[in-house]
Amino acid sequence: MGAATVPPAVRFTDHAQARMRERGITEAQVLEAVGKPWRTLTLGDRRREFQGWVSRGERRLLLRVIADDDRTVLTVVTVLATSKIAKYGAPT
């Protein structure tokens with residue numbers, strides 16, 4: 001696998017940092033999903049959802065990173081890891 005392509009500037013809102021702490025998601029995992037997503041969805045003019053994968057023991061979870069992209073700074077708004085993979089269109 002090649003190196004991840006991370007935007008020049010990534011910032012995390014206080015809300016995103018709090019959710020990451022609560023959910024045990026690291027900054028490195030978020031940056032991997034943003035830089036080398038499995039899938040990217042456009043949710044609005046500037047809002048994007050970057051999807052990647054994280055493991056929790058034997059479980060594979062879909063990592064969902066919601067961010068605003070103004071082309072110079074990517075602002076991570078919230079982060080979720082879910083086992084409801086099919087619900088979000090990911091292969092199981």
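A short tour of the structure in this document, coming up. (Residues numbered from 1 in each chain as written. Predicted model: local features only at pLDDT ≥ 70, side-chain atom pairs only at ≥ 80, totals over all residues. Heavy atoms only, no water.)

**A closer look at the sheet that holds strand E4 (residues 59-69)**
Selection criterion: Being paired, for any two strands, means DSSP has found at least two bridges between them. Numbered from the N terminus, helices here are DSSP runs of H or I no shorter than four residues, and strands are runs of E no shorter than two. Structural elements are reduced to axes, namely lines fitted to C-alpha atoms, with helices fitted over the stretch in contact, and the angle between N-to-C directions of any two is expressed from 0 to 180 degrees. Contacts: residue pairs with any heavy atoms within 4.5 Å of one another.
One open sheet holds the five strands; their spatial order is E1-E5-E4-E3-E2, and the pairing between them is mixed. The open sheet is flanked by strand E1 (10-12) and strand E2 (39-42), the only strands paired with a single partner. The sheet shows a mean angle of 35° between the axes of neighbouring strands, direction not considered. Relative to strand E3 (residues 47-56), E2 is paired through four bridges, and the arrangement is antiparallel. Residue pairing for E3: Thr40 is matched across the bridge by Phe50. Docked against the sheet, helix H1 (residues 14-23) engages E1, E3 and strand E5 (74-82), running at close to 25° with respect to E5. The sheet strands contacting helix H2 (residues 27-35) are E1, E3, E4 and E5, and the helix crosses E4 at an angle near 75°.

**As for H1**
The criterion, for reference: Each residue is assigned to one of three classes by its accessible area relative to the maximum for its type, calculated with a 1.4 Å probe on protein chains only: buried under 20%, partly exposed between the two thresholds, exposed over 50%.
Every buried residue of H1 is listed here: Ala16, Ala18, Arg19 and Met20. Lining the buried residues of H1 we find E1, H2 and E5. Gly24 lies just past H1 and shows a positive phi near 65°.

The quantities given are spatial measurements derived from coordinates; they are silent on function.
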